[in-house]
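# Working through the structure, step by step
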Amino acid sequence: RPHLLGIEGLSKPEILDLLDRAEAFVDIERQKNRRRDTLAGRTQINLFFENSTRTQSSFELAGKRLGADVMNMAVSQSSVKKGETLIDTAMTLNAMNPDVIVVRHHASGAVALLAQKVDCSVVNAGDGSHEHPTQALLDALTIRRHKGRIERLTVAICGDVAHSRVARSNILLLTALDARVRLVGPSTLVPGAFRDMGLEVTTSMKDGLKDADIVMMLRLQRERMQGSFVPSVREYFRYWGLDEEKLAYAKPDALVMHPGPMNRGVEIDPAVADGPQSLIREQVEMGVAVRMAVLEAVVAGRGNGAEAVR
Ligand code: CP
């Protein structure tokens, strides 16, 4: 039962194998040659305890394009609302013999716990502030298609790193592929402990974006800040919001990314989000190809490089 629970633990060849598989799916998608039966007769359940636009819809499309039967569990209308626990919910779905459950949950570690309880493969679609592995894979695929490589690129990850599973998965993946990663943001939102991982950490957008190839902005996750520092929007945008003036600190051919959903005017100026250096829409497109690659690897089994998932 291979799972994809995080980028942590994946080797460089395993990551590259998933990116290469996804790359092939991009071409298939663009030719609108979408009929595949790799997962025909297989069942995929999407179990999202947190809201999602991109991740849930692209996992659904990815499964359907591979021929799987895909069921979206409507958590808000389920017996979770009557108090059924995560594990009881998982065991109930497990009794229907799915081949893979794609899970998003607000608690870090919840997806790994669930994976211990069920008989099928489990894919992490985001757990708390822990990991969002398919987001990091789609970000890497997007970067590689534009820059031709990941190694030796300078990637500035900016904003609310502390609460971001996207940042954590990207840090793990980008450093595994030998990129230079810088973290930029207010000290309350960028834990200094990341310095122990050999990363550069700065509060200054000017210093952090200097010579950057990629500027990756993060959403200010105010829903995860109960009781802690919540910056004012106006102040945050002034110092850490990416506008054209700050983007000019990066290399002239720097590319701008954001996992979405965006808070326009908070962490990113609409002129930059929709500007010529933005890859934000392409990131969404890559999401389908990456999730096809991951589903194929976990469900269709090992061999031919599918060792990329554990
Ligand atoms: N990037 C991302 O995970 O978006 P959703 O929350 O819309 O799935």
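Quick look at the structure, then. (Residues numbered from 1 in each chain as written. Predicted model: local features only at pLDDT ≥ 70, side-chain atom pairs only at ≥ 80, totals over all residues. Heavy atoms only, no water.)

## Concerning the overall build of the chain
When its secondary structure is counted, the chain shows eleven helices and nine strands. At 19 Å, the chain has a C-alpha radius of gyration in line with the 19 Å of a compact globule built from 310 residues. In terms of overall dimensions, the chain has C-alpha extents of about 55 × 45 × 35 Å along its principal axes. Sequence-distant contacts, at least 24 apart, represent 75% of the contacts inside the chain between residues at least 6 apart. As displayed, the chain has an accessible area near 13,200 Å², and 47% of this comes from carbon and sulfur atoms. Across the chain, the 40 positively charged side chains and the 39 negatively charged ones have centroids separated by 2 Å. (Helix = DSSP H or I, 4+ residues; strand = E, 2+ residues; numbered from the N terminus. Rg over C-alpha atoms; globule rule 2.2 N^0.38 Å. Contact = heavy atoms within 4.5 Å. Areas by Shrake-Rupley, 256 points an atom, 1.4 Å probe, with all protein chains shown as cover. Lys, Arg positive; Asp, Glu negative; His and termini not counted. Charge placed at Lys NZ, Arg CZ, Asp CG, Glu CD.)

## A closer look at the environment of Ala 271
Secondary-structure assignment places Ala 271 in helix H10 (residues 270-273). The sequence separation of Ala 271 and Glu 244 amounts to 27 residues, and the corresponding C-alpha distance is 7.5 Å.

## Observations regarding the pairing of strand S5 (residues 154-158)
Regular strands place their side chains on alternate faces of the sheet. Burial analysis of S5 places five of its five residues in the buried class, the great majority of the element. Side chains Thr 154, Ala 156 and Cys 158 project from S5 onto one buried face, and the interleaved Val 155 and Ile 157 project onto a second face that is buried too. Sheet analysis places S5 next to strand S6 (residues 180-184), joined by five bridges and oriented parallel. Residue Val 155 lies in a different strand from S6, and its bridge partner there is Val 181. Regarding topology, helix H6 (residues 165-176) serves as the crossover connection from S5 to the parallel S6, and that connection is right-handed. Sheet topology note: the S5/strand S8 (residues 214-217) ladder contains four bridges and is parallel. Paired with Cys 158 across the bridge in S8 is Met 217. (Buried < 20%, exposed > 50% of the residue type's maximum accessible area, 1.4 Å probe, protein only. Pairing = 2+ DSSP bridges. Right-handed = clockwise from strand over helix to strand, strands pointing away.)

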